[in-house]
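# Examining the three-dimensional arrangement
This is what each chain is made of:
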Amino acid sequence: MKGKLSPFLILLAAMLWGTTGTTQALAPETAHPIAIGATRLFVGGLFLLLVVLVIGKLDLKNWPIKTTILASLSMALYQPLFFSAVSMTGVAIGTVVAIGSAPILSGLMEWFYLKVSPSKIWWYSTFLSILGCLMLFSNKESVNVEPIGIIMALGAGLSFACYTLISRNMVKNHSSLSVVAVVFTLSAIWLSPFLFMFDMSWITSLQGLGVSLQLGIMATGIAYFLFAKGLTHISSSTAVTLALAEPLTAALLGVFLLGEHLNSTSWLGIFILMLGIGILIRSPKNSGSQKKLGMNDNKSKKNG
């Protein structure tokens, strides 16, 4: 039963991530995007750490230090790389390259490092989802194909794929809550210098405080906990493809809450994106990579 719920936990996490764009649009004008990203991790990490300490779930016995550092660096790098890419190339290109490249990179890493080849269903679903994402953002006017921005967007996609692959390995041996609490607290420490590089006076306003709490608690703390929980039963490549529900949620919120307009191509993109995600949800058990991944997990446990 838990395994069947895993894809929906990933989807719920992606939907919470999808609120970040709308929330940032409501932030004070003086709030710099990178400062918002750093604040998001700081609030999220602090929230998760307090929760795990209150309920007594923090068990650091045999904790993988090197793996934790890699996961936290991956998450910390994702924030400035993504925001910088979007600012240089525009929302459309930056988002599509960053979010669209993550599933492909995740599948390739599983292939090379775990010797698990993605299934045909995963390829079909990922292709449809990325195509839908590309069509969804076709209505955005601010497009600038800046080579450095593209590289940063690919770096963001790689960072998220690395975080997912590393986190999946960690949640096999430690509680999901402990993993996200430790990783995000460390990520916040890595990004803490940004809090002193930008004007942070906006956070003292009621509007700024509300944005920080929403982004930190809901879109980071709770969202990444659900994501980590879902990773315990599905592969990292499947999880990253399901996470493409993030731009879908962001687009719909933009239409219904911010009054944004989508053309017919974008609406068709939404349909294709939902179709791709739906195929993956309906057939998670039929994934050849999923079965092999489970076998690899069992082998690693026996060898351990």
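Heads up: the structure comes first, above all this text.
First things first, this report covers the structure right here in the doc. Everything numeric here is computed off the predicted structure, so don't read it as measured data.

Now for the overall build of the protein chain. Counting its secondary structure elements, the protein chain contains 14 helices and zero strands. The linear arrangement of helices and strands in the protein chain, starting from the amino end, is α-α-α-α-α-α-α-α-α-α-α-α-α-α. Out of the 304 residues belonging to the protein chain, those deemed buried represent 51%. In the protein chain, 90% of the contacts between residues at least 6 apart in sequence involve partners at least 24 apart. As displayed, the protein chain offers around 14300 Å² of accessible surface, 70% of which is attributable to carbon and sulfur atoms.

Another aspect to go through is helix 4 (residues 65-89). Structurally, the α-helix is built with 3.6 residues per turn, so residues lying three or four positions apart point the same way. For helix 4, which comprises 25 residues, the first-to-last C-alpha distance of 36 Å matches the rise-based estimate of 36 Å (1.5 Å per residue) to within 8%. Looking one or two residues beyond helix 4, the residue adopting positive phi is glycine 90, at roughly 95°.

Moving on, we get to a nonpolar patch on the surface. Where nonpolar side chains cluster on the molecular surface, the patch consists of Ile65, Ile69, Leu73, Leu77, Ile189 and Trp190 and spans about 550 Å² of accessible area. For the nonpolar patch, the secondary-structure elements that each account for two or more residues are helix 4 and helix 8 (176-191). Looking at where isoleucine 69 falls in the secondary structure, it is placed in helix 4. With a relative accessible area of 34%, isoleucine 69 lands in the partly exposed category.

Calculation criteria
- Each residue is numbered by its place in its chain's sequence as written, counting from 1.
- In view of the model being predicted, local features appear only for residues whose pLDDT reaches at least 70, and side-chain atom pairs are presented and counted only at 80 or more, with totals across whole chains, interfaces and linings using the full set of residues.
- Side-chain descriptors were evaluated using all non-hydrogen atoms of the structure, hydrogens and water having been removed beforehand.
- Counting from the N terminus, the helices are DSSP H or I runs at least four residues long and the strands are E runs at least two residues long.
- Remark: exposure states derive from per-residue accessible area (1.4 Å probe, protein chains only) relative to the maximum for the residue type, with buried under 20%, exposed over 50%, and partly exposed in between.
- Note on contacts: a residue pair qualifies if any of its non-hydrogen atoms lie within 4.5 Å across the two residues.
- Per-residue and other accessible areas follow the Shrake-Rupley method at a 1.4 Å probe size, with only the shown protein chains counted as cover for residues.
- Here the expected span of a helix is defined as 1.5 Å times the quantity of residues minus one.
- Only residues whose relative accessible area exceeds 30% and that form no salt bridge enter a patch; like-charged residues are grouped when within 9 Å of one another, and nonpolar side chains (Val, Leu, Ile, Met, Phe, Trp, Tyr) when within 5 Å.
- A side-chain nitrogen of Lys or Arg and a carboxyl oxygen of Asp or Glu constitute a salt bridge if their distance falls within 4 Å.

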